Amino acid sequence: MCLETSVGPLKMKNPLMLASGVLDMTRGSMERFREAGAIVTKSVGMGERKGYGNPSVVELEHGLLNAMGLPNPGVDEYLKEIEGIDVQKIVGSIFGKDEHEFARVAKKIEVAVDAIEMNMSCPHAGSYGAGFPTDKISDAVSAVKESVNIPVFVKLGMENIGRRARAAEEGGADAIVAINTVRAMSIDIETAVPILSNKVGGYSGPAIKPIGVRCVYELSEEVDIPIIGVGGITTAEDVIEYMMAGASAVQIGTGVYYRGEKIFEEISKELREWLEAHEYGRIKDVIGAARA
Ligand SMILES: Cc1cc2nc3c(=O)[nH]c(=O)nc-3n(C[C@H](O)[C@H](O)[C@H](O)COP(=O)(O)O)c2cc1C
């Protein structure tokens, strides 16, 4: 059973990628995911950012709520961390306040990564995330495309995703990554205080899977470029569902919290079993099956 897939020019031995932000800030933790088709590193910007205070992550009934505030060591320290890393493929997630910052960070990391993921989707980071203006997306993507010669993906959140994806495609994006966490809040009713220090955060995990699947399904009508599905995947069946909706590959973040670092190896095995039982020769044959 062949699990190989590709996202535009990026070829992978299986469709499972580690999502940005989960155990992907140090080389040691990233190298625990050698079974993933690719890993996406924690979003990095030009300079160091400390992020928000604690609590910044809380476990809820059906997922995690987090507001980290894009903490990162800045692009130069990041490059030292990933130098010589031993993983299948590495995708560098970047953020920027405008097209210039995006292009500068992309250019700096190009030598060390296989593809760039432009994060325009964090739901609690203002214009560094989902607040990045829709009318500036096309220019920012073309600025990055002009500065590098590797594939460029654009990660979007659920809000206004159709228009934002079309803008990314116009700018020359090689793929859309959908979705980031969903803007959410939880309140401690004993103290009458929002639990996260930032008050508002992003919800991830099983609760958001139907939202992600819906976004991927609708996006595959909106754009002609490949889509990477992300949000709530914890099983092989979840992967199949996203791929039937139209995803060429998927990312897993919170699923690692539930199933541990072996999740990539285990889901690869479960995918092969599922394909065999359902008489599909290749995972690629599943892509878009629900759209037929
Ligand atoms: C603790 C945490 C940190 C995250 N940090 C980032 C980040 O830096 N950049 C980004 O694009 N997405 C980030 N995300 C979002 C994930 O990459 C993913 O889009 C989202 O969690 C939905 O997938 P999941 O349900 O598999 O976790 C983060 C998610 C979590 C839970």
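This text follows the structure it describes.
What this report covers is the structure whose coordinates are included nearby. In this text, all values refer to a predicted model and were calculated from it rather than measured experimentally. (Residues numbered from 1 in each chain as written. Predicted model: local features only at pLDDT ≥ 70, side-chain atom pairs only at ≥ 80, totals over all residues.)

Some thoughts on the overall build of the chain
Of regular secondary structure, the chain possesses nine helices and 16 strands. By its C-alpha atoms, the chain is 50 × 50 × 40 Å across when sized along the principal axes. Among the 292 residues that make up the chain, the fraction classed as buried is 52%. Residue pairs in contact within the chain that sit at least 24 positions apart in sequence constitute 68% of those at least 6 positions apart. (Helix = DSSP H or I, 4+ residues; strand = E, 2+ residues; numbered from the N terminus. Buried ≥ 20, exposed ≤ 12 C-beta atoms within 10 Å, placed from the backbone. Contact = placed C-beta atoms within 7 Å.)

As for the sheet that holds strand 5 (residues 57–60)
The pairing of strands in a sheet happens through backbone hydrogen bonds and is either parallel or antiparallel. Pairing in this open sheet of four strands is antiparallel, and the strands run 5-6-14-11 from one edge to the other. On the outer flanks of this sheet lie strand 5 and strand 11 (182–184), each paired with one strand and no other. On average, each strand axis in the sheet is inclined to that of its neighbour by 35°, with strand direction left out of account. (Pairing = 2+ DSSP bridges. Axes fitted to C-alpha atoms, helices over the stretch in contact; angles between N-to-C directions.)

Structural notes on helix 2 (residues 75–82)
Turning to helix 2, its buried residues number three or more, namely Val75, Tyr78 and Ile82. Down the axis, helix 2 shows its buried residues gathered within 55° of arc, on one side only. What points out from helix 2, more than 90 degrees from its buried face, is the exposed set Asp76, Glu77 and Lys80. Check the buried side of helix 2 and you find it contacts helix 1 (27–30), strand 7 (90–94) and helix 3 (99–109). Of the residues one or two after helix 2, Gly84 is the one with positive phi, at around 75°. (Arc of directions from axis to C-beta.)

Quick word on the site of the ligand
Around the ligand sit 28 residues, and of these Ala19, Gly21, Ser204, Gly253 and Thr254 come closest. Elements represented by at least two residues in the shell around the ligand include exactly strand 6 (63–66) and helix 8 (254–259). Residue composition of the shell around the ligand, grouped by class: 11 nonpolar, 15 polar and two charged. (Near = placed C-beta within 6 Å. Nonpolar A, V, L, I, M, F, W, Y, C, P; charged D, E, K, R; others polar.)

A closer look at the sheet that holds strand 16 (residues 249–252)
The strand order around the closed barrel formed by eight strands is 3-4-7-8-9-10-15-16, and the pairing between neighbours is parallel. Strand-to-strand twist in this sheet, taken as the mean axis angle between neighbours without regard to direction, amounts to 25°. Where strand 8 (residues 115–119) meets strand 9 (residues 152–156), four bridges bridge the pair, whose relative direction is parallel. Its bridge partner lying in strand 9, Met118 is registered against Val154. Strands strand 7 and strand 8 of the sheet are contacted by helix 3, whose axis makes an angle of about 155° with strand 7. Seen against the sheet, helix 4 (residues 134–147) touches strand 8 and strand 9 and runs at an angle of roughly 155° to strand 9.

Quick word on the environment of Ala125
Within the secondary structure layout, Ala125 lies in the loop between strand 8 and helix 4. Looking at Ala125, the number of C-beta atoms within 10 Å reads 24, which means it is buried. Between the C-alpha atoms of Ala125 and Lys89, which are 36 residues apart in sequence, the distance is 27 Å.

A closer look at the packing of helix 3 against helix 4
Across the interface, helix 3 lies against helix 4 with an axial gap of 8 Å and an inter-helix angle of 25°. With respect to helix 4, the element helix 3 is oriented roughly parallel. Between helix 3 and helix 4 lies a crossing whose hand is right-handed. Taking contact as the criterion, the partners of Glu99, Phe102, Ala103, Ala106 and Lys107 in helix 3 are, on helix 4, Lys136, Asp139, Ala140, Ala143, Val144 and Ser147. (Parallel < 35°, antiparallel > 145°, perpendicular 65-115°, else oblique. Left-handed = near helix turned anticlockwise from the far one by under 90°.)

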